[in-house]
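# An overview of the molecular structure
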Amino acid sequence: GLFNKERLFDVLQNFMVFEADSDGEAVSYSKKMCLYHQYYGVNKTITSTIRAVTGNQDRKIGVFWHTQGSGKSLSMVFYVNKTKNIPELKSPAYVFLTDREDLDDQLFKTFSRTGYGTLAKRASSIKDLKGRLAHLGSELIFTTIQKFQEDPDANKVLTDRENIIVLTDEAH
């Protein structure tokens, strides 16, 4: 099914990345393309995202479930690749929320190594997160859920922006 014209262009435009072999000066890059479950899962999630934004569901996108080792981080990269150009989403900012530092590191490094190095930022606190969300633009902000427990201001509204997509990874 890859050679269906629309699908092929979609894969070439949104579901293919070059990942650096390190965080600093890269020696080599690996070309990575989506697997079928990533392609169909991301596209279904995008359909749900558009329904949520247009008011056809309760602004919750839903769950995109992966097994361990099936490319969850790259699926998130593919999701951002495609959603950042959807007019209805108004150039969204993305907040990646995890429950462990190692997951936060993994996601941050994956995005940094696949071309999002200048947009990928880490929120060191709730105050820092609030400050980063105040900027207009397509930032990618990485944080852990523990910061919300540590800050008494975490229960207050962090921003009035409507174009923020929150992606959680095991943040239960």
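Below: a short report on this structure. (Residues numbered from 1 in each chain as written. Predicted model: local features only at pLDDT ≥ 70, side-chain atom pairs only at ≥ 80, totals over all residues. Heavy atoms only, no water.)

Among the nonpolar cores identified, the biggest contains 26 residues, and Tyr 94, Phe 96, Phe 111, Leu 140 and Phe 142 are the most heavily contacted of them. Elements that contribute at least two residues to this core include exactly helix 2 (36-53), helix 3 (72-83), strand 3 (93-98), helix 4 (101-116), strand 5 (140-144) and strand 6 (164-169). Ranked by the residues each element gives to this core, the list is headed by helix 3, at 6 residues. If sequence neighbours within four positions are ignored, Tyr 94 has contacts with Tyr 79, Val 80, Thr 83, Lys 84, Glu 139, Leu 140, Ile 141, Ile 165 and Leu 167. In this structure, Val 95, Ile 126, Leu 129 and Ile 141 belong to the second largest nonpolar core, which totals 7 residues. (Core = buried A, V, L, I, M, F, W, Y, C linked by side-chain atoms within 4.5 Å. Buried < 20%, exposed > 50% of the residue type's maximum accessible area, 1.4 Å probe, protein only. Helix = DSSP H or I, 4+ residues; strand = E, 2+ residues; numbered from the N terminus. Contact = heavy atoms within 4.5 Å.)

Attention now moves to the environment of Gly 115. Within the secondary structure, Gly 115 is located in helix 4. The class for Gly 115 is exposed, based on a relative accessible area of 63%. With 62 residues separating them in the primary sequence, Gly 115 and Val 53 have C-alpha atoms 26 Å apart.

Helix-helix packing is characterised by the crossing angle of the two axes and by the distance between the axes. Where helix 3 contacts helix 4, the two axes come as close as 10 Å, and the packing angle between them is 50°. The angle between helix 3 and helix 4 places the two elements in the oblique class. As for how helix 3 packs across helix 4, the hand of that crossing is right-handed. The residues of helix 4 that touch helix 3, namely those facing Ser 73, Leu 74, Met 76, Val 77, Val 80 and Asn 81, are Gln 106, Leu 107, Thr 110, Phe 111, Thr 114 and Tyr 116. Here the contact of helix 3 with helix 4 is built from residues that sort into 7 nonpolar, 5 polar and no charged. (Axes fitted to C-alpha atoms, helices over the stretch in contact; angles between N-to-C directions. Parallel < 35°, antiparallel > 145°, perpendicular 65-115°, else oblique. Left-handed = near helix turned anticlockwise from the far one by under 90°. Nonpolar A, V, L, I, M, F, W, Y, C, P; charged D, E, K, R; others polar.)

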